[in-house]
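# Report on the structure
Here is what each chain is made of, one letter per residue.
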Amino acid sequence: MRFDLDRLPTDPVLLQKMLREMAEVMELERAELGAAKQTVKAQGLTIEKLEHRLARLLRVQFGRSSEKMDIAQLRLMFEEVDAPEPANDDAPAASKAKPTRKAGTRAPIPAHIPRQTTQHLPEPCDCGGNETVICEDVTEVLDYVPACFRVLRHVRPRVACRSCETIRQAPAIDLPLPKVMASSALLAHLVVSRFVDHQPWHRQSVILRRQGVEIDRDVMGRWSRKLAWLMAPLGERLLSYILEAPKIHGDETPVTLLQGEDGSHTAYFWVYLRDCRSSGDMSPPAVAFRFTTGRGGKHPAAHLAGYRGYLQADGYAGYNALYHDPKTKAPRGVTEVGCWAHARRKFTDILEKNPSPVAAEAVVRISLAVSRGERAFRFTFGKQMLLRDALDRC
């Protein structure tokens, strides 16, 4: 609204009316401006979140597999970050372990490998005198004996007694798989090559064919299914042994499941690990795998049914039913244990987008804690609340 200052009315009532109209217009414009500022602020936050997610996805796709950062570089970036000192100030800093051998030198051949000695004597002396060995030089060369096949022949003769006219024969041997002409050593080699060395059945069939042994990949697949059925009780006992530990580790990883004409489908392997050696428990470590066609929380709940103790896993929501009842939210016998790496990942994501002293301090403290051997910690007030508070401060 514009006014000609040279032609303003002289009536006070009219002037007051004009001022009131101007005040109403200014108030309306001020409200619209405030709403516009809030909209711009909200849009700016949305853009920042989207940029943060995009940077994280690009880093997952094309960046390093580890989110560890250079602590010295963080200290240079943020001089105000004071790294926490060790509890014992008088204790000297632990010196780095010296390498067992110098760089550039060969590693010795392990002593457990059998030795075959070949002695090379020089030509006899022309004078024919007595010769004495004063010293010797030894050269060790690592050799490889190719794997070979052999046939185990089990002969069971039938013996007839002429006195009592009876025929006797030793009972048939017990084979790992009935009516399968394969020893336990061959079956173990095929299974280990397939599931440990990741050699497909077709590739193993080609390798065996070079040595004149014809075993089709379909035959190997049938053998492995029969072996899996025979070893199922051992797998259940292994998982029971793992669940006896006070603390276990859990994780899942996707695998491709072929479904014939229907194409492929994403399935999952669930892994549960028992290894308490870092806390002084010298019980043998063990690991068990479980296969499922989905990733729902019902699968770990079924695998860990009856378990009471600490479970160290990532922040996947499928594990939440193990910690609290979905309906009553009451705590159950499984206690959630967070992971330093997953907690640190949130702060490294912030450092990639916005250099924050608080995030840098968190990364420094976590790295120092890990270096002291504290591999895991329990979120006393819940992992989500701790991370949310830290992210709000950033």
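Residues numbered from 1 in each chain as written. Predicted model: local features only at pLDDT ≥ 70, side-chain atom pairs only at ≥ 80, totals over all residues. Heavy atoms only, no water.

### Some points on the packing of helix H3 (residues 184–195) against helix H5 (residues 217–243)
For any two helices packed against each other, the geometry comes down to the angle between their axes and how far apart the axes lie. Relative orientation of the contacting elements H3 and H5 amounts to 100°, with a least axis distance of 11 Å. Viewed along their axes, H3 and H5 adopt a mutual orientation that is roughly perpendicular. Note on element contacts: H5 touches H3 through Met220, Trp223 and Leu227, opposite Leu187, Leu190 and Val191. Looking at the contact of H3 with H5 residue by residue, the classes come out as six nonpolar, no polar and no charged. (Axes fitted to C-alpha atoms, helices over the stretch in contact; angles between N-to-C directions. Helix = DSSP H or I, 4+ residues; strand = E, 2+ residues; numbered from the N terminus. Parallel < 35°, antiparallel > 145°, perpendicular 65-115°, else oblique. Contact = heavy atoms within 4.5 Å. Nonpolar A, V, L, I, M, F, W, Y, C, P; charged D, E, K, R; others polar.)

### Looking at the confidence of the model for the chain
Looking at the chain, the pLDDT average stands at 80 and 80% of residues meet or exceed 70. Counting interchain partners and residues more than four positions distant, the pLDDT-below-50 stretch residues 76–87 has 16 contacts. Every residue in residues 375–388 is under pLDDT 50, and counting partners more than four places away or in other chains gives 26 contacts. (pLDDT = per-residue confidence, 0-100.)

### Quick word on the pattern of salt bridges
Tallied over the entire structure, the rule returns nine salt bridges. Residue Glu244 is joined to Arg237 by a salt bridge in which the shortest nitrogen-to-oxygen separation is 3.9 Å. With relative accessibility at 51%, the residue Glu244 sits in the exposed group. Judged by relative accessible area, Arg237 falls into the partly exposed class, the value being 46%. In this structure, Arg295 engages Glu252 in a salt bridge whose closest nitrogen and oxygen atoms are separated by 2.7 Å. (Salt bridge = Lys/Arg side-chain N within 4 Å of Asp/Glu carboxyl O. Buried < 20%, exposed > 50% of the residue type's maximum accessible area, 1.4 Å probe, protein only.)

### What about the pairing of strand E3 (residues 247–258)?
Two strands pair when backbone bridges link them, and E3 and strand E6 (residues 309–312) are joined in this way by three bridges, in the parallel orientation. The partner of Ile248 across the bridge, within E6, is Leu311. Alignment of E3 against strand E4 (residues 264–274), held across ten bridges, turns out to be antiparallel. Looking at the pairing, Leu258 lines up with Ser264 of E4. With antiparallel pairing between neighbouring strands as the criterion, E3 and E4 make up a hairpin whose turn holds five residues, including Gly260 at a positive phi of roughly 65°. (Pairing = 2+ DSSP bridges.)

### Things to note about unusual backbone geometry
A positive phi angle is found at Lys179, which is not glycine, with a value near 60°. Counting through the fold element by element, Lys179 comes out in the loop between strand E2 (166–168) and H3. Looking at Lys179, the relative accessible area reads 86%, which means it is exposed. Notably, Lys329 is not glycine yet its phi reads approximately 60°, a positive angle. Position of Lys329 among the secondary structure elements: in the loop between helix H7 (320–323) and strand E7 (334–339). Judged by relative accessible area, which is 60%, Lys329 ranks as exposed.

### Describing the environment of Gln169
The residue Gln169 is located in the loop between E2 and H3 in this model. Between the C-alpha atoms of Gln169 and Val159, which are ten residues apart in sequence, the distance is 6.3 Å. Ignoring sequence-local partners within four residues, the contact set of Gln169 consists of Arg156, Pro157 and Arg158. A distance of 2.7 Å separates a polar atom in the side chain of Gln169 from the backbone oxygen of Arg156. (Polar contact = N/O pair within 3.5 Å; in protein donor to acceptor, adjacent residues only side chain to side chain.)

### Details of the packing of aromatic side chains
Note on aromatic pairs: each is described by the distance of the centres and the angle between the planes. Counting across every chain of the model gives five aromatic pairs. Pairing Tyr316 with Tyr319 gives two aromatic rings, centres 5.8 Å apart and planes at 90°, and the pair type is edge-to-face. Side by side, Tyr316 and Tyr319 carry an identical accessibility label, which is buried. Clustering of aromatic rings is evident, with ring pairs tying together Phe269, Phe289 and Phe291. The ring of Tyr241 has Arg274 sitting right over it, with the charged end atom 4.2 Å from the ring centre. Looking at Arg295, its charged tip hangs above the ring of Tyr316, at a distance of 3.9 Å from the centre. (Phe/Tyr/Trp six-rings, centres within 6.5 Å; stacked < 30°, edge-to-face > 60°. Lys NZ or Arg CZ within 6 Å of the ring centre and 35° of its normal.)

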